[in-house]
Amino acid sequence: YSLWSRGFTRPSLEVSGLKTWWRSRKLDRSILTVYLTISTGAEFGQARPLPGMEVTASRRVDSLAVMEFTRDWFVQNMEVWSEVFRRHGWDAEKPKSILEIGCFEGLSTCWMLNNLLKHPDSRMVCMDTFEGGSEHARDATDMASVRETFFRNVGKTGRADAVRVLEERSDMGLLRLLQENHVAFDFIYVDGSHLSTDVLLDLILGFRLLGVGGLCI
């Protein structure tokens, strides 16, 4: 998992064999910038849900059945994230703010709205050009349809009023939020462009918007 946190009195995350790991696999440099491993105890083998949150297969199917998704990239994260946020002390019943960079059809967006932002005062900012990247160009993804699907799915959560959508490049959107002196985010999810330079810029600018004790994945 690629995640880091800010403002702890003692390290809760540690770099683990980073240079050796990267060189041995010859991976994209974007991974090198953020690859960290949890060092707080037990492995993720059996994820425990957040208070009031269930992550069973049947619950996943029921909650997402009314929505439209052509890709299931985020499904594998659901149970793992439950453990990540539990360890982080996340309380979904308190007002929280989330920034999501890259939202595609809104699968991760809707999951976070339903599971991490239960308080009526919680808010979310989503950034996406809805123009797609090289991977979408290769498989001729209809990005206009993706955009429409995103807004329909978010609407079905009943929480559309809690979501602000910035349809622009993440670097421009992040600079916009910094210029607005936007309230610090409790969680930032970086999943936009996967080009190393773009990922690094998202992390650098995003760090300026992350609150003390906040989490970034």
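Every residue gets a number counted from 1 within its own chain, in the order that chain's sequence is written. Local features are withheld for residues below a pLDDT of 70 in this predicted model, meaning they are given only at 70 or higher, and side-chain atom pairs are given and counted only at 80 or more; totals for whole chains, interfaces and linings count all residues. To get the side-chain values, take all heavy atoms of the structure and skip hydrogens and water.

## Looking at the overall build of the protein
Move 1: Where helices and strands are cited, they refer to DSSP runs of H or I of at least four residues and of E of at least two residues respectively, numbered from the N terminus. Scanning the protein from terminus to terminus reveals nine helices and eight strands.
Move 2: Relative accessibility thresholds used throughout: buried, under 20% of the residue-type maximum; exposed, over 50%; partly exposed, between the two (1.4 Å probe, protein chains only). Expressed as a percentage of its 217 residues, the buried residues of the protein come to 42%.

## Side note on the nonpolar core
Move 1: By size, the foremost hydrophobic cluster in this structure holds 28 residues, and its most contacted members are Trp-81, Trp-90, Ile-98, Met-112, Leu-116, Met-124 and Phe-187.
Move 2: Elements with a minimum of two residues in this core: helix 4 (78–88), helix 5 (107–115), strand 5 (123–127), helix 7 (143–156) and strand 7 (185–190). Put simply, a nonpolar core is a bunch of buried Ala, Val, Leu, Ile, Met, Phe, Trp, Tyr and Cys residues held in one set by side-chain atoms that sit within 4.5 Å of each other.

## Considerations on helix 7
For the α-helix, the turn length of 3.6 residues means that residues three or four positions removed from each other point alike.
Move 1: In a helix, the anticipated span is given by 1.5 Å times the number of residues less one. Under the 1.5 Å per step criterion, the end-to-end length of helix 7 is 20 Å for 14 residues, consistent within 8% with the ideal 20 Å.
Move 2: Restricting attention to buried positions, one finds in helix 7 the residues Met-143, Val-146, Thr-149, Phe-150, Asn-153 and Val-154. The buried side chains of helix 7 occupy one side of the element, clustering within an arc of 130 degrees when seen end-on.
Move 3: Following helix 7 by one or two positions, Gly-158 has its phi on the positive side, about 75 degrees. Think of it as the arc spanned by the lines of direction from the helix axis to the C-beta atoms.

## Some thoughts on the state of the cysteines
Move 1: By disulfide we mean two sulfur atoms from cysteines, separated by a distance within 2.5 Å. Going through the model one piece at a time under the given rule, you end up with zero disulfides.
Move 2: With no disulfide of its own, Cys-103 lies 4.8 Å from the sulfur of Cys-126, the closest cysteine sulfur.
Move 3: Free cysteine: Cys-110, not disulfide-bonded; nearest cysteine sulfur from Cys-126 at 8.9 Å.
Move 4: Cys-110 sits in the buried class, given a relative accessible area of 0%.

## Quick look at the environment of Thr-157
Move 1: Position of Thr-157 among the secondary structure elements: in the loop between helix 7 and strand 6 (163–166).
Move 2: When the C-alpha positions of Thr-157 and Trp-111 are compared, they lie 9.2 Å apart, and in sequence the two are 46 residues distant.
Move 3: Whether two residues are in contact is decided by their heavy atoms, any of which lying within 4.5 Å being enough. Once residues within four sequence positions are removed from consideration, Thr-157 is found in contact with Met-67, Cys-110, Leu-113 and Asn-114.

## Considerations on the pattern of salt bridges
Move 1: Within this document, salt bridges are pairs made up of a side-chain nitrogen of Lys or Arg and a carboxyl oxygen of Asp or Glu, the two lying within 4 Å of each other. The full count for this structure, using the stated rule, is eight salt bridges.
Move 2: Among the ionic contacts, a cluster of salt bridges with common partners joins Glu-68, Arg-152 and Lys-156.

## Let's talk about unusual backbone geometry
Move 1: Phi at Phe-104 is positive, roughly 50 degrees, even though this residue is not glycine.
Move 2: The residue Phe-104 is located in the loop between strand 4 (97–101) and helix 5 in this model.
Move 3: Classification of Phe-104 by relative accessible area gives buried; the value is 11%.
Move 4: Unlike most non-glycine residues, Asn-181 shows phi in positive territory, near 55 degrees.
Move 5: Relative to the elements of secondary structure, Asn-181 occurs in the loop between helix 8 (170–179) and strand 7.
Move 6: Assessed through its relative accessible area of 68%, Asn-181 is described here as exposed.

## Focus: helix 5
Move 1: Most of helix 5 sits out of view: eight of its nine residues are buried.
Move 2: All of the buried residues along helix 5 are Leu-107, Ser-108, Thr-109, Cys-110, Trp-111, Met-112, Leu-113 and Asn-115.

## Focus on the pairing of strand 7
Successive side chains on a regular strand alternate, one facing one side of the sheet and the next facing the other.
Move 1: Extensive coverage of strand 7 is indicated by the burial of five of its six residues.
Move 2: Note: strand 4 against strand 7, four bridges, orientation parallel. Counted as the bridge partner of Ile-101 is Val-190 from strand 7.
Move 3: Sheet analysis places strand 7 next to strand 8 (residues 210–216), joined by three bridges and oriented parallel. Of the residues in strand 8, the one forming a bridge with Ile-188 is Cys-216.
Move 4: Throughout, right-handed denotes a crossover for which the path from the first strand over the helix to the second runs clockwise when the strands point away from the viewer. Where the polypeptide runs from strand 7 across helix 9 (residues 196–209) and back to strand 8, its parallel neighbour, the crossover connection is right-handed. By this definition, two strands are paired if DSSP reports at least two bridges between them.

That's the geometry; what it means functionally is another story.
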